[in-house]
Amino acid sequence: MIDVNLPCDVLHPNPSPGYADLAGRGRIRPTAQGRKLQVRTLSPMDGTACHAACRGPVPPMSVREAPPRAAPTAPTTPTNQRLAPLLFVGLMLGLLLAELDQTMFSTALPTIAGELGGVDRMLWVTTAYVLTGTVVMPVYGKLGDLLGRKPLFITALSVFVAGCVLGGLAPDMTWLIVARAVQGLGGGGLLILVQAIIADVIPARERAAAMSVVGAVFALSAMLGPVLGGWLTDGLGWRWAFWINLPLGAAAIATGAAYLPSAGGRVRPVRIDVAGIVAMAVAVTAIVLVASWGGVAYRWGSPVIVSISVIAVLASAAFIAAERQAADPIIPLALFRNRTFTAATIAGLVMAVGMFGAIAYFPTYLQMVNGLGATGAGLVMLTLIAGLAVTSAGSAQIVRRTGQYVWLPVLGCALVAVALALLSTLTVETELWVIGSYLFLLGAGIGCALEILVLIVQNACPASQMGTATAAYSFFREIGVALGSAMVGTIFTSRLLTFLADRVPRGAAAQLDPYALTPAQVVQYPDALKVPIVSSYNDALTPVFWCLMPLVLVSMAGLWLIKSVPLAATEPGSP
């Protein structure tokens, strides 16, 4: 028996069920099994002879069976096109804008609140962006699958730029919070659409290189944002954190309009999952508020936090019920029956908790403990970017040349766990080069794992659900980011307050506001006050890294459930 594989639907509708004479080349018995034609022969034969038995035309033939192609149900961005360099730059600009705005205002908030007069609502400036951005992620992912990516990408950028204009003109804190919410409506879409567009136009084997750049943008913005926000606030003014986005946003819109391929095919009627969107919005709002307010604005056991937690649970249950009934669910529950998708999503969420929890407070640690300025701390943090860049590029080459990828995030989790264990041993005497080497190792682990997980999710799902699957993964990862930052912040703050109360001399403690400490102030304190503050910061944060390590190990264990599926070497639809 030999197998002849037909890449297109060319089998004759009524193939001869019996034996057919093939001009002295033997006798064959064709059997149709989907797209495969099994041929029993007495002597070698070519494709022409084979198809003579089926009395059908001779199609192109291959020796490897192509997987069945799903019927095109959604006009996603056309495949089989190269990603134009200028388009890639535009996509990265859009992604950088969205990510920077999540982190840039952390250092500018005290100045903004003082100028606009809304210290009591200061936390909402950050929360509004994270909240709306997280809520709209699955919506953009689903609509991108149904309507195509190009119009949504341009719409998301336009909404984001509109939010920047509103923020730059804000006369009071309420206006500013609304502007940040509008920015989030656009920024959340950019995070999803960029990754989905890359998946549309780059085959899986080649995609890892582009996704490594995406990972670098994520990490760079996490560390560059606070530094850039502080620099703009001290120099040009905090409103320039909005104005600087206008020319960059316009450039991204222009490149997207010029180079992003339009959706092809007919757009089928869209049935909006209203119940699912509403339930999801309530659930995400409650989860983000608990993560943002718990231990900061309110005690964890306070009635406010408990009530919001109950709402989060009830809304989550309502969301699951709505998705079971929806014709076009925002997050199809069927995705979670795919063990590869589920394992990768859980791993991404847990790793985001550990990774972003570690990154969020380390620049402050470097400034407080090592006496560095914002620029110096940023330069030390660049060692993490270097590690991420090295392993991201290396991982991309491994995936492109071998098609093997499952072991890379496992290795990444192992490296992150080792790095967290090493970071937990830091003391006030640790040399900067040692800290830099630990951060390099942390970045190396992140580079091996984070964006490869996106590739795994995309490869495990059909093309018609590419945006939906990417959005679902990113949605849960963003929740992990919020939970990680909240968890680390709560543990760090409570430990810091305890240590300061025990170690700072009583006379000085009465004049010291632990919530208002800045690196510039600590440097000027006498040693009798500076030493206990520095040691308190070190001892409050470093054990948190050890607490994060088990989470990463759990993530690594879950990755063994991922099923290795061969990566496509060409775009879907390529000849």
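Remember, predicted model here, so these are calculated numbers, not experimental data. (Residues numbered from 1 in each chain as written. Predicted model: local features only at pLDDT ≥ 70, side-chain atom pairs only at ≥ 80, totals over all residues. Heavy atoms only, no water.)

### Side note on the overall build of the protein chain
(1) Moving on: Tallying secondary structure elements over the protein chain gives 19 helices and five strands in all.
(2) Moving on: Counting over 575 residues, the protein chain shows a buried share of 53%.
(3) Moving on: Pairs at least 24 apart in sequence give 80% of the contacts found in the protein chain among residues at least 6 apart.
(4) Moving on: As presented, the protein chain carries roughly 24,500 Å² of accessible surface, and 66% of it is formed by carbon and sulfur atoms. (Helix = DSSP H or I, 4+ residues; strand = E, 2+ residues; numbered from the N terminus. Buried < 20%, exposed > 50% of the residue type's maximum accessible area, 1.4 Å probe, protein only. Contact = heavy atoms within 4.5 Å. Areas by Shrake-Rupley, 256 points an atom, 1.4 Å probe, with all protein chains shown as cover.)

### Quick notes on the packing of aromatic side chains
(1) Moving on: By the definition in use, this model includes seven aromatic pairs.
(2) Moving on: With centroids separated by 6.0 Å and ring planes inclined at 85 degrees, the aromatic side chains of Phe336 and Phe476 adopt a geometry described as edge-to-face. A residue pair is termed long-range when its members are at least 10 positions apart, and Phe336 in the loop between helix H11 (303-325) and helix H12 (339-370) and Phe476 in helix H16 (residues 466-503) qualify at 140 residues.
(3) Moving on: The class for Phe336 is partly exposed, based on a relative accessible area of 31%.
(4) Moving on: An aromatic cluster is built from Phe336, Phe341, Phe475 and Phe476, whose rings are joined through pairwise contacts.
(5) Moving on: Above the ring of Phe499, the side-chain terminus of Arg503 is found at 4.3 Å from the ring centroid. (Phe/Tyr/Trp six-rings, centres within 6.5 Å; stacked < 30°, edge-to-face > 60°. Lys NZ or Arg CZ within 6 Å of the ring centre and 35° of its normal.)

### Thoughts on the packing of helix H2 (residues 85-103) against helix H5 (residues 149-168)
When two helices pack together, their arrangement is given by the angle between their axes and by how far apart the axes lie.
(1) Moving on: At a closest axis distance of 12 Å, the pairing of H2 and H5 adopts a crossing angle of 40 degrees. Looking at the two axes, H2 sits oblique to H5. Seen along the crossing, H2 lies across H5 with a hand that is left-handed. Along its contact with H2, which presents Gly90, Leu91, Gly94, Leu97, Ala98 and Asp101, the element H5 presents Phe153, Leu157 and Phe160.
(2) Moving on: Its residues assigned to classes, the contact of H2 with H5 shows six nonpolar, two polar and one charged. (Axes fitted to C-alpha atoms, helices over the stretch in contact; angles between N-to-C directions. Parallel < 35°, antiparallel > 145°, perpendicular 65-115°, else oblique. Left-handed = near helix turned anticlockwise from the far one by under 90°. Nonpolar A, V, L, I, M, F, W, Y, C, P; charged D, E, K, R; others polar.)

### Side note on the nonpolar core
The nonpolar side chains of soluble globular proteins are, as a tendency, buried together.
(1) Moving on: In terms of nonpolar packing, the biggest core is built from 142 residues, with Met92, Phe153, Leu176, Ile198, Phe362, Leu366 and Leu439 touching the most fellow members.
(2) Moving on: Residue contributions to this core peak at 15 residues, all from H12.
(3) Moving on: Setting aside residues up to four positions removed in sequence, Phe362 forms contacts with Met381, Leu423, Leu426, Ile435, Leu439 and Phe545.
(4) Moving on: With seven residues, the next largest nonpolar core counts Leu289, Trp293, Ile308 and Ala312 among its residues. (Core = buried A, V, L, I, M, F, W, Y, C linked by side-chain atoms within 4.5 Å.)

### Considering the side chain of Thr391
(1) Moving on: Tracing the backbone through its elements, the reader meets Thr391 in helix H13 (residues 374-402).
(2) Moving on: Ignoring anything within four residues of it in the chain, the contact list for Thr391 reads Gly443, Ala444, Gly447 and Cys448.

### Describing the packing of helix H14 (residues 407-423) against helix H15 (residues 432-460)
(1) Moving on: In contact at an axis separation of 7 Å, H14 and H15 are set at 150 degrees when each is read in the N-to-C sense. As far as their axial angle goes, H15 and H14 are roughly antiparallel. Crossing of H14 against H15: the hand is left-handed. Residues Leu408, Pro409, Leu411, Gly412, Cys413, Leu415, Val416, Val418, Ala419, Leu422 and Leu423 of H14 form the contact with H15, whose participating residues are Tyr438, Leu439, Leu441, Leu442, Ala444, Gly445, Ile446, Cys448, Ala449, Ile452, Leu453 and Ile456.

### Some points on the environment of Ala396
(1) Moving on: Relative to the helices and strands, Ala396 resides in helix H13.
(2) Moving on: Measuring from C-alpha to C-alpha, the distance between Ala396 and Arg207 comes to 7.7 Å, with 189 residues separating the pair along the chain.

### Considering H2
(1) Moving on: Its 19 residues place the ends of H2 27 Å apart at the C-alpha level, agreeing with the 27 Å of an ideal helix rising 1.5 Å per residue.
(2) Moving on: In terms of burial, H2 is a largely internal element, 14 of the 19 residues being buried. (Expected span 1.5 Å × (residues − 1).)

### Overview of the side chain of Ser395
(1) Moving on: Inspection of the secondary structure puts Ser395 in helix H13.
(2) Moving on: Here the side chain of Ser395 touches Thr391 through a polar contact of 2.7 Å, landing on its backbone oxygen.
(3) Moving on: Not counting the four nearest positions on each side in its chain, Ser395 is found in contact with Leu408, Gly447, Cys448 and Ile452. (Polar contact = N/O pair within 3.5 Å; in protein donor to acceptor, adjacent residues only side chain to side chain.)

### Observations regarding a nonpolar patch on the surface
(1) Moving on: A contiguous nonpolar patch, built from Ile272, Val274, Val278, Val282 and Ile311 and spanning about 430 Å² of accessible area, is present on the exposed surface.
(2) Moving on: Among the elements that make up the nonpolar patch, the one with the highest residue count is helix H10 (residues 274-293) (three residues).
(3) Moving on: Within the secondary structure, Ile272 sits in the loop between helix H9 (245-259) and H10. (Patch = residues over 30% accessible without salt bridge, like charges linked within 9 Å, V, L, I, M, F, W, Y side chains within 5 Å. Salt bridge = Lys/Arg side-chain N within 4 Å of Asp/Glu carboxyl O.)

### A look at the confidence of the model for the protein chain
(1) Moving on: With 76% of its residues at a pLDDT of 70 or more, the protein chain has an overall mean of 74.
(2) Moving on: Across the protein chain, element-level confidence peaks in H11 with a mean pLDDT of 91 and bottoms out in strand E2 (residues 20-21) with 36.
(3) Moving on: A low-confidence stretch, residues 569-575 (pLDDT under 50), is modelled with 14 contacts involving residues beyond four sequence positions or located in other chains. (pLDDT = per-residue confidence, 0-100.)

### A closer look at the pattern of salt bridges
For side chains bearing opposite charge, pairing can occur when the charged atoms are close.
(1) Moving on: Going through the model one piece at a time under the given rule, you end up with one salt bridge.
(2) Moving on: The partner of Arg503 in a salt bridge is Asp539, with the nearest N and O atoms 2.9 Å apart. Here the residue Arg503 occupies a position in helix H16, and Asp539 occupies one in helix H19 (residues 527-558), the gap between them amounting to 36 residues.
(3) Moving on: With a relative accessible area of 31%, Arg503 lands in the partly exposed category.
(4) Moving on: Residue Asp539 is classed as partly exposed on the basis of its relative accessible area, which comes to 26%.

### So, the environment of Glu206
(1) Moving on: Relative to the helices and strands, Glu206 is located in helix H7 (residues 204-234).
(2) Moving on: When its relative accessible area of 35% is taken as the criterion, Glu206 is described as partly exposed.
(3) Moving on: Once the C-alpha coordinates of Glu206 and Gln397 are considered, the two residues, 191 residues apart in sequence, prove to be 8.4 Å apart.

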